[in-house]
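Take a look at the letters that make up each chain.
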Amino acid sequence: MAMNENRKQSIIFGGLISSAGVLLSKVLGLVYVIPFNMIAGDQNIRFYGYAYNIYSYLLNISVAGIPFAIATMVAKYYNVKDYKTALLIKKLSLGLMMALGFAGMCFVLLTSTQLAELILAKGSSAEDIEITKNVLIIISFALFFVPVLSGYRGFYQGLKRMELYAFSQVFEQLVRVFFLLGAGAIAVYIFDKDQIWAVYFAVFSATVSAICALLHIYKYDKQETKEMRELAATQERIANNNPKLLLRELIIIAIPYFVSSIVAYSSDMIDLMFFSRALESTGMNADLSNYIYGTVIAMHTKKIIAIPQILAVGFSASLIPYITTALESKNFKQVCKHVKDTLESVLYIVLPLSFCLFFFSKEVMYLLFGNPTLSMSDGLGQVVATIQQLDYEDYLMRYRVIDAIFGTIAPLFTSLLIACRLRKEPLISLAVGAVVKFISLFFCVQIFGMTGATMSNLLSYITIIVMDVYYLNRQYKINWNYTLRKILVMCFCLLLTSLVYMGLHAIFGDITRFGRIEMIPLFVLEGVIVLIVYVALTAVFQLPQQLFHINFKMIIRKLKRR
């Protein structure tokens, strides 16, 4: 059970470790996209997106709050050396996760037809509805296993074992990618099945990877549990052995997370249920409307903007045990420091990443998804239009950068409020944000067309952030002056960095004129130069030194000695 205490007590280190795990899993999720598109076919990718949007939302509902509640309670009791209670919490929570996972699985199985009809535009073909129904049935089985896996991860998150937390995510994603590509390729190229079978196996890979990750963490857990039981056998503190009281405490802590997840992820569900139909109402063809949402927004651009957004996930997972410890010791000054450190660190990373996504949107989308010519059909299967995929993806990706930035900050504030035991307030802000999203979607689609979903998201995110900042200030009187100065410095450095990008673009031109493989060296070179310039400029203002405690002079001296 021993661990380096200095590293263990760093919320920034924990956040970076947790974010690194999620980042690697997201990068793996991007790596498989190119071969998967070839195996499944560009026209079938949207069905994969439909399944995963429903899966993600229902999974977030079924596990929402409980992993965080587990982490909170385990951190609380482990911090006072009550090992018996911590072990009992683990047992109770895993049983609860199994029950919720089973309920989520049954819901999707029983309502798959109705969900398929609701997701697609009104003019969709019967074949599209049938395929959508099939992928929903397949994905439902993952809803049973993944919650149990999340329960184990919540336990080790509470123990501040962020390395295991991160490795488990990467391992799960590796298994998913290998099974997804391997099974799909075998079905299509060896058994000569239709390309849609690659999508079916891709969806089923979520279940396979969850089972494998469970086996891995269970093997690790046997040793850890043994050591913890030995400590429990010798503990002097009187344990809380009342399962009903512990379960009640677990549920009370989880309720704000649970409700907040239902409301927070409602934005994706509103888009899933209504965006295609809203776009169709502007006069757009149903097949094109389904393609824009199902492939470009729900799959391609969503995978890209998820990279900066993982910082909210990673730091949220890390900050809970640290803020819990500070609150238990009534160290409110430390709580305020954790809040500001977390926000500043996330923004320092998310802003340049989003900056790169905006300026390199065409290069990124071309490299990952190519530029195929796609045919759009009516409900009878007659081709009514052909489009160049890159034209739509480049245009929408630039707007989706708004989601990348604000879709990182808003969830982070929600997690901060809940971790600071302001559990009612984020529910109010999220509910108001969801109402703003629902009301504004149709108006924004009518005004902005394809980018309407992003503009309605922006209105919702701003509402949530403003309300959350107000609640934090009211309770903890946080002084944001230095934080605002740091954000202004970051933006100023990005403005200067944009001049460097323009110079590079003037020198190399549009590198998408080359092949996808040939453009990689130039793309990497431009990206690395831009990021180095950003870090160098911010280092002049001492930002990375202050945020991450980096001593560049010492690093340079060590390099010179070598």
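Reading guide: rules and limits
Residue indices follow the written sequence of each chain, beginning from 1 at its first position. Thresholds applied to this predicted model are a pLDDT of at least 70 for local features of residues and 80 or more for the giving and counting of side-chain atom pairs; totals over whole chains, interfaces and linings are not thresholded and use all residues. Hydrogens and water are ignored here; the side-chain numbers use all heavy atoms of the structure. A run of H or I in DSSP becomes a helix once it reaches four residues, and a run of E becomes a strand once it reaches two; helices and strands are each numbered from the N terminus. Per-residue accessibility, obtained with a 1.4 Å probe over protein chains only, is compared with the maximum for each type, and a residue is labelled buried under 20%, exposed over 50%, and partly exposed between these values. To count toward a patch, a residue needs a relative accessible area over 30% and no salt bridge; like charges are then connected within 9 Å, while nonpolar side chains (Val, Leu, Ile, Met, Phe, Trp, Tyr) are connected within 5 Å. Using a 1.4 Å probe, the Shrake-Rupley method yields the accessible areas, and only the shown protein chains count as cover for residues. What makes a salt bridge here is a side-chain nitrogen of Lys or Arg within 4 Å of a carboxyl oxygen of Asp or Glu, nothing more. We call a set of buried Ala, Val, Leu, Ile, Met, Phe, Trp, Tyr and Cys residues a nonpolar core when their side-chain atoms join them within 4.5 Å. Residue-level confidence of the predictor is summarised by pLDDT, bounded by 0 at the bottom and 100 at the top. Contacts are residue-level and defined by heavy atoms, with any inter-residue pair within 4.5 Å sufficient. Under the convention used throughout, the expected extent of a helix is 1.5 Å for every residue step, that is, one less than its residue count. Bend at a residue means the angle formed by two fitted axes: the first through the 7 residues ending at that position, the second through the 7 residues beginning there. Note on definitions: angles span 0 to 180 degrees between N-to-C directions of axes, and those axes are lines fitted to C-alpha atoms, for helices only across the stretch in contact. Note on angle classes: values under 35 degrees are labelled roughly parallel, values over 145 roughly antiparallel, values of 65 to 115 roughly perpendicular, and the remainder oblique. Crossings are assigned a handedness: left-handed for a near helix turned anticlockwise from the far helix by less than a right angle, right-handed for a clockwise turn. For this classification, Asp, Glu, Lys and Arg are treated as charged, while Ala, Val, Leu, Ile, Met, Phe, Trp, Tyr, Cys and Pro are nonpolar and the rest, including Gly, are polar. Ring geometry is summarised as follows: Phe, Tyr and Trp rings, the Trp one being its six-membered ring, pair when their centres sit within 6.5 Å, and such pairs are stacked at plane angles under 30 degrees, edge-to-face over 60 and tilted between the two. Note on disulfides: each one is a pair of cysteine sulfur atoms within 2.5 Å. Think of a polar contact as two N or O atoms within 3.5 Å of one another; within protein, one of them needs to be a possible hydrogen donor and the other a possible acceptor, and neighboring residues in sequence only count if both atoms come from side chains.

1. Examining the overall build of the protein
Then comes step 1: Scanning the protein for helices and strands turns up 22 helices and two strands.
Then comes step 2: Within the protein, the proportion of its 562 residues that are buried is 57%.

2. Remarks on a nonpolar patch on the surface
Then comes step 1: On the surface, a nonpolar cluster with roughly 630 Å² of combined accessible area is contributed by Val435, Phe438, Ile439, Phe443, Ile447 and Phe448.
Then comes step 2: Inspection of the secondary structure puts Phe438 in helix H17 (residues 425-448).
Then comes step 3: Residue Phe438 is classed as partly exposed on the basis of its relative accessible area of 43%.

3. Looking at the nonpolar core
Then comes step 1: Membership of the largest hydrophobic core comes to 65 residues, with the highest contact counts inside it found for Phe413, Leu472, Tyr476 and Met490.
Then comes step 2: Residue assignment for this core shows that the elements contributing at least two residues are helix H13 (286-328), helix H14 (332-359), helix H15 (361-369), helix H16 (389-419), helix H18 (452-476), helix H19 (481-508), helix H20 (520-540) and helix H21 (543-548).
Then comes step 3: At 13 residues, H14 tops the list of elements feeding residues into this core.
Then comes step 4: Ranked by size, the runner-up nonpolar core spans 61 residues in total, among them Ile45, Ile196, Val203 and Met299.

4. Details of the confidence of the model for the protein
Caution applies to low-pLDDT regions: their predicted coordinates should not be interpreted in detail.
Then comes step 1: Per-residue confidence for the protein gives a mean pLDDT of 83, with 86% of residues at or over 70.
Then comes step 2: Predicted confidence in the protein is weakest over helix H1 (residues 5-8), with a mean pLDDT of 40, and strongest over H19, with 94.
Then comes step 3: Low confidence marks residues 1-9, where pLDDT is under 50. Its contacts with residues over four positions away, or in another chain, come to 19 contacts.

5. Quick notes on helix H6 (residues 83-119)
Then comes step 1: The end-to-end C-alpha distance of H6, which contains 37 residues, comes to just 47 Å, noticeably less than the 54 Å that a straight helix rising 1.5 Å per residue would cover.
Then comes step 2: Its maximal kink placed at Thr111, H6 deviates by approximately 70°.

6. Section: the pattern of salt bridges
Then comes step 1: Scanning the entire structure with this criterion turns up 12 salt bridges.
Then comes step 2: Residues Arg46 and Asp128 are paired through a salt bridge, measuring 3.3 Å at the closest nitrogen-oxygen approach. Note that Arg46 is positioned in helix H4 (residues 45-63) and Asp128 in helix H7 (residues 126-140), a separation of 82 residues in sequence.
Then comes step 3: Given a relative accessible area of 6%, Arg46 falls into the buried group.
Then comes step 4: With a shortest N-O distance of 3.2 Å, Arg474 and Glu425 are connected by a salt bridge. Within this pair, whereas Arg474 is found in helix H18, its partner Glu425 is found in helix H17, the two being separated by 49 residues in sequence.
Then comes step 5: Residue classification places Arg474 among the partly exposed residues on the basis of a relative accessible area of 43%.
Then comes step 6: Taking relative accessible area as the criterion, Glu425 reaches 12% and is therefore assigned buried.
Then comes step 7: Among the ionic contacts, a cluster of salt bridges with common partners joins Arg46, Asp128 and Asp287.

7. As for the environment of Ile387
Then comes step 1: With respect to the secondary-structure elements, Ile387 resides in strand S2 (residues 383-388).
Then comes step 2: On a C-alpha basis, the gap between Ile387 and Asn371 in space is 9.7 Å, while along the polypeptide they are 16 residues apart.
Then comes step 3: Excluding its chain neighbours within four sequence positions, the residues that come into contact with Ile387 are Leu288, Tyr291, Pro372, Thr373, Leu374, Met376 and Tyr392.

8. As for H16
Then comes step 1: In this model H16 runs 42 Å from its N-terminal to its C-terminal C-alpha over 31 residues, within 8% of the 45 Å that 1.5 Å per residue would give.
Then comes step 2: Remark: the principal bend of H16, roughly 35°, maps to Arg398.

9. Considering unusual backbone geometry
Then comes step 1: In this model, Lys477 sits at a positive phi of 50°, which is unusual for a non-glycine residue.
Then comes step 2: By the element assignment, Lys477 lies in the loop between H18 and H19.

10. Structural notes on the packing of helix H12 (residues 266-280) against H17
Then comes step 1: Look at H12 against H17: their axes get within 10 Å of each other, and the N-to-C directions meet at 25°. For the element pair H12 / H17, the angle class is roughly parallel. The two elements H12 and H17 meet at a crossing, and its hand is right-handed. In this structure, H12 uses Ser266, Ser267, Ile270, Asp271, Phe274, Phe275, Ala278 and Leu279 to contact H17, whose residues at the interface are Ala434, Lys437, Phe438, Leu441, Phe442, Val445 and Gln446.
Then comes step 2: Looking at the contact of H12 with H17 residue by residue, the class counts come to 10 nonpolar, three polar and two charged.

11. Focus on the packing of aromatic side chains
Then comes step 1: Throughout the structure, instances matching the rule amount to 24 aromatic pairs.
Then comes step 2: Between Phe144 and Phe145 the ring centres are 5.1 Å apart and the planes differ by 85°, which places this aromatic pair in the edge-to-face class.
Then comes step 3: Note on Phe145: relative accessible area 25%, which makes it partly exposed.
Then comes step 4: Counting every residue linked through ring pairs, the aromatic cluster contains Phe355, Phe358, Phe359, Phe360, Tyr501 and Phe523.

12. Things to note about the state of the cysteines
Then comes step 1: Scanning the model with the defined rule gives zero disulfides in all.
Then comes step 2: Here Cys420 is not cross-linked by a disulfide; its sulfur's nearest cysteine counterpart is in Cys336, at 7.7 Å.
Then comes step 3: Overall, Cys420 belongs to the buried group, its relative accessible area being 1%.

13. Here's the deal with the side chain of Lys90
Then comes step 1: Along the chain, Lys90 falls in helix H6.
Then comes step 2: A distance of 2.9 Å separates a polar atom in the side chain of Lys90 from a polar atom in the side chain of Thr225.

14. Quick word on the environment of Glu363
Then comes step 1: One can find Glu363 in helix H15.
Then comes step 2: What makes Glu363 buried here is its relative accessible area of 4%.
Then comes step 3: Separated by 149 residues in sequence, Glu363 and Thr512 place their C-alpha atoms 6.1 Å apart.
Then comes step 4: Once you skip the residues sitting within four places of it in the chain, Glu363 turns out to touch Ile511, Thr512, Met519 and Phe523.

15. Description of the packing of helix H5 (residues 66-79) against helix H8 (residues 142-158)
Then comes step 1: Look at H5 against H8: their axes get within 7 Å of each other, and the N-to-C directions meet at 30°. With respect to H8, the axis of H5 lies roughly parallel. The hand of the H5/H8 crossing is right-handed. Here H5 contributes Pro67, Phe68, Ile70, Ala71, Val74 and Ala75 to the contact with H8, which in turn contributes Ser150, Gly151, Gly154, Phe155, Gln157 and Gly158.
Then comes step 2: Split into classes, the residues belonging to the contact of H5 with H8 amount to seven nonpolar, five polar and no charged.

16. Quick word on the environment of Asp82
Then comes step 1: Inspection of the secondary structure assignment puts Asp82 in the loop between H5 and H6.
Then comes step 2: Taking the C-alpha atoms as reference, Asp82 lies 6.1 Å from Ala239; in sequence the two are 157 residues apart.
Then comes step 3: In this structure, Asp82 is in contact with Tyr77, Gln235, Arg237, Ile238, Ala239 and Asn240, ignoring residues within four places of it in sequence.

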